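Topology and contacts: notes
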Amino acid sequence: MMWIVAIVTMCIVLIAHHLGFIEKVYGVIGEVARCSMCSAFWVTFIVLCYYKVCPFEAIALSFFMAYLSNWVAIGMEYL
């Protein structure tokens, strides 16, 4: 069973790479990584989803953490 999953995954990645999707995803992730608020939002959201937090609560907490990250960054700059 796992061999089938591995083969299908490999085929999907190869098709996505051939169509340029992987390069586009890399570009978008690079843009997100440049923004501290965006990074805080997405990493917080992914971690909360991993811990099976309610999706609405995960989104709300992620937005709040992204906003709070600005203030924490300002505090870090003064240090």
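The rules behind the values
- Residues numbered from 1 in each chain as written.
- Predicted model: local features only at pLDDT ≥ 70, side-chain atom pairs only at ≥ 80, totals over all residues.
- Heavy atoms only, no water.
- Phe/Tyr/Trp six-rings, centres within 6.5 Å; stacked < 30°, edge-to-face > 60°.
- Helix = DSSP H or I, 4+ residues; strand = E, 2+ residues; numbered from the N terminus.
- Buried < 20%, exposed > 50% of the residue type's maximum accessible area, 1.4 Å probe, protein only.

Our focus in this paragraph is the packing of aromatic side chains. The final tally for this structure, using the stated rule, is five aromatic pairs. Between Phe 41 and Phe 63 the ring centres are 4.8 Å apart and the planes differ by 45 degrees, which places this aromatic pair in the tilted class. With Phe 41 in helix α3 (residues 36–50) and Phe 63 in helix α4 (residues 55–78), the pair connects residues that are 22 residues apart, well separated along the chain. The buried category is assigned to Phe 41, whose relative accessible area is 12%. Overall, Phe 63 belongs to the exposed group, its relative accessible area being 53%. Ring geometry for Tyr 50 versus Tyr 51: centroids 5.3 Å apart, planes at 85 degrees, classification edge-to-face. Taking relative accessible area as the criterion, Tyr 51 reaches 61% and is therefore assigned exposed. An aromatic cluster is built from Phe 41, Trp 42, Phe 45 and Phe 63, whose rings are joined through pairwise contacts.

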